[in-house]
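Structure assessment
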Amino acid sequence: MTLNNILVATDFSDTSQNAFKQALLFAERFGATLHVLHVVDNMDASWYGIEDAKERATALRKAIKQQAGQMLHEMVPDNPDVEVNTHVSMQLSFDVSATIREYAEERGMDLIVIGARGQTDRSPHALGRVASEVIEEAPCPVLTAAETPPWVTGREPLDEIVAPVDFSPHSHQAYLHARHIAAAFDAVLHLVFVAESRTVPVFSDTGLPGLKQMDMPKEIVENSRAALQHMIDHADGPSVQHEIHIEKGQPAAVVLDFIERKGMDLAVIATRGQSALKRLLLGSTTRRLLRMASCPVMTLRATSTDGDA
């Protein structure tokens, strides 16, 4: 896996500030060029006067470059060993997510970094519309970052990475990606298999419906650790320190609790594959992680429609 070009989309919101920090962290480690993109979509009447529009666009481009330069200066101290090439761009568009995706595709981005919510997304537990649309159709992996908690200052090291695994082809794809990232950051890679419990309807002798909790078959749970170790031993990729975790419960809740309890710095998970309507849909587990995880979440587009991750 190589990361030569990283795109960070910013709207100057708090979450996009954290997205910038994450993008810079990856750009430093992989020696990638950092592309900073701001899409203007709230154009009022003054934009339609040609001269005024040119002046406003020039002023806005200057402001974006100044902010990007200031953040780079603050986050990368005077250190001759740290160098990040940047390319700053501003575009006018009524479709922000499409513009971000087109920029990434046309310029061959290897990673898109975006805030989980933008300036107009007010709910603290909702995945923003732009972020959701970018993730669903992105031509490359997407790293989604929420707002940095007030007690966190500076850039935290990326030491602990979690990759949920359900043994589907798309979770294996996400694992391979996580393995390369863990190697680049010299991080520990935690593989989590959740023996899922499902609620199913049942009928009593009286014919009245009820609900029953069904656990995953015991033999599957017992074999999962060996299966994870086999995947580690036979997968292509760099040598990485692994830890295997077998948990029981609902996948999203278990993984969220694991992230919080173990202090994960990054989660890597695949989205669901294309539907019959040829549109990529986020699985419920992925969507809940994106909405509620306390660490950044990297998603990879999958090609299979099976599974819920």
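The rules behind each value
For every chain, the first residue of the written sequence is number 1, and numbering continues from 1 onward in sequence order. Local features in this predicted model are restricted to residues whose pLDDT is 70 or higher, and side-chain atom pairs enter the listing and the counts only when it is 80 or higher, whereas totals over whole chains, interfaces and linings include all residues. In computing side-chain values, all of the structure's heavy atoms are included and hydrogens and water are not. Only DSSP runs of H or I reaching four residues or more are called helices, and only runs of E reaching two or more are called strands; each is numbered from the N terminus. Throughout, a residue-residue contact means that at least one pair of heavy atoms, one from each residue, lies within 4.5 Å. For the purposes of this section, nonpolar cores are sets of buried Ala, Val, Leu, Ile, Met, Phe, Trp, Tyr and Cys residues that join through side-chain atoms within 4.5 Å. Note on exposure labels: buried denotes an accessible area under 20% of the residue type's maximum, exposed denotes more than 50%, and partly exposed covers the range between, all computed with a 1.4 Å probe on protein chains only. Following DSSP output, two strands are said to pair if at least two bridges run between them. Think of each axis as a best-fit line through the C-alpha atoms, taken over the contacting stretch in the case of a helix, with angles from 0 to 180 degrees between the N-to-C directions. Take the residue count of a helix, subtract one, and multiply by 1.5 Å to get its expected span. Crossing chirality is assigned from the near helix's rotation relative to the far helix, an anticlockwise turn below a right angle marking it left-handed and a clockwise turn marking it right-handed. Polar here means any residue outside two lists: the nonpolar Ala, Val, Leu, Ile, Met, Phe, Trp, Tyr, Cys and Pro, and the charged Asp, Glu, Lys and Arg; Gly therefore counts as polar. Across the chain, each position has a pLDDT score giving the predictor's confidence in that residue, from 0 to 100. Salt bridges, as used here, are contacts in which a Lys or Arg side-chain nitrogen is within 4 Å of a carboxyl oxygen on Asp or Glu. Of all possible arcs, the one meant is that of the directions from the helix axis to the C-beta atoms.

Comments concerning the overall build of the protein
Along the backbone of the protein there are eight helices and twelve strands. Within the protein, contacts between residues at least 6 apart in sequence are counted, and of these 76% link residues at least 24 apart.

Focus on the nonpolar core
Within the largest apolar cluster, 46 residues are counted, with the highest numbers of intra-cluster contacts made by Phe 26, Leu 34 and Ile 161. It is helix α1 (residues 14-30) that contributes the most residues to this core, eight residues altogether. Contact partners of Leu 34, with chain neighbours within four places excluded, come to Ile 6, Val 8, Phe 20, Ala 23, Leu 24, Ala 27, Val 84, Asn 85, Thr 86 and His 87. Formed by 36 residues, the second largest nonpolar core is a distinct cluster that contains Leu 37, Ile 259, Cys 295 and Val 297.

Side note on the sheet that holds strand β4 (residues 111-115)
Sheet architecture is open: ten strands sit in the order β3-β2-β1-β4-β5-β12-β11-β6-β7-β10, paired in mixed fashion. What marks the edges here is a single partner per strand, and that holds for β3 (86-92) and β10 (242-249). Neighbour-to-neighbour, the strand axes of this sheet turn through a mean angle of 25 degrees, independent of strand direction. Two elements, strand β11 (residues 266-270) and strand β12 (residues 297-300), share four bridges in a ladder whose sense is parallel. Opposite Val 268, over in β12, you have Met 298 as the bridge partner. Where helix α6 (residues 218-234) meets the sheet, its contacts fall on β7 (188-196) and β10, and the angle it forms with β10 comes to roughly 155 degrees.

Quick look at helix α5 (residues 169-185)
Under the 1.5 Å per step criterion, the end-to-end length of α5 is 25 Å for 17 residues, consistent within 8% with the ideal 24 Å. Along α5, the residues classified as buried are His 170, Ser 171, Ala 174, Tyr 175, His 177, Ala 178, Arg 179, Ile 181, Ala 182 and Phe 185.

Let's talk about the environment of Val 39
By the secondary structure assignment, Val 39 is in strand β2 (residues 33-40). Once the C-alpha coordinates of Val 39 and Ser 93 are considered, the two residues, 54 residues apart in sequence, prove to be 6.5 Å apart. Aside from chain neighbours lying at most four places away, what touches Val 39 is Gln 91, Ser 93, Val 96, Thr 99 and Ile 100.

Section: the packing of helix α3 (residues 96-106) against helix α4 (residues 129-137)
Look at α3 against α4: their axes get within 8 Å of each other, and the N-to-C directions meet at 40 degrees. The interaxial crossing formed by α3 with α4 has right-handed handedness. Across the interface between the two elements, Val 96, Ser 97, Ile 100 and Arg 101 from α3 touch Val 130, Glu 133, Val 134 and Glu 137 from α4. Here the contact of α3 with α4 is composed, by residue class, of four nonpolar, one polar and three charged.

Considering the confidence of the model for the protein
Looking at the protein as a whole, the pLDDT averages 77, with 67% of positions reaching at least 70. Ranking the elements of the protein by mean pLDDT puts strand β8 (residues 198-203) last with 56 and strand β6 (residues 160-164) first with 96. A low-confidence stretch, residues 273-281 stays under pLDDT 50, and its non-local contacts, those more than four residues away or across chains, total 21 contacts. Low confidence marks residues 304-309, where pLDDT is under 50. Its contacts with residues over four positions away, or in another chain, come to 21 contacts.

Let's talk about the pattern of salt bridges
A complete count under the given rule lists four salt bridges for this structure. Here Glu 136 ties to Arg 287 by a salt bridge, and the two come within 3.4 Å at their closest N and O atoms. Note that Glu 136 is positioned in helix α4 and Arg 287 in helix α8 (residues 284-292), a separation of 151 residues in sequence. Residue classification places Arg 287 among the partly exposed positions, given a relative accessible area of 29%. With a shortest N-O distance of 3.0 Å, Asp 257 and Arg 261 are connected by a salt bridge. Of this pair, Asp 257 and Arg 261 both sit in helix α7 (residues 251-262), four residues apart, which is roughly one turn of that helix. Assessed through its relative accessible area of 41%, Asp 257 is described here as partly exposed. Residue Arg 261 is classed as partly exposed on the basis of its relative accessible area of 45%.

A short note on unusual backbone geometry
Notably, Phe 167 is not glycine yet its phi reads approximately 70 degrees, a positive angle. Checked against the element boundaries, Phe 167 lands in the loop between β6 and α5. Phi at Asp 186 takes a positive value of approximately 55 degrees, unusual for a residue other than glycine. By the element assignment, Asp 186 lies in the loop between α5 and β7. By relative accessible area, Asp 186 is classed as exposed at 69%.

Considering α8
All buried positions along α8 are accounted for by Thr 285, Thr 286, Leu 289 and Leu 290. Within α8, the buried residues cover an arc of 130 degrees as seen down the axis, which keeps them to one side. Taken together, the buried residues of α8 touch α4, β5 (142-145), α7, β11 and β12.

Things to note about the pairing of β11
The buried fraction of β11 amounts to five of the five residues, a majority that puts the element mostly inside the structure. Covered by surrounding structure in β11 are Leu 266, Val 268 and Ala 270 together with Ala 267 and Ile 269, the residues of both alternating faces. Pairing of β6 with β11, which is carried by two bridges, proceeds in the parallel orientation. Paired with Val 162 across the two strands is Ala 267, which belongs to β11.

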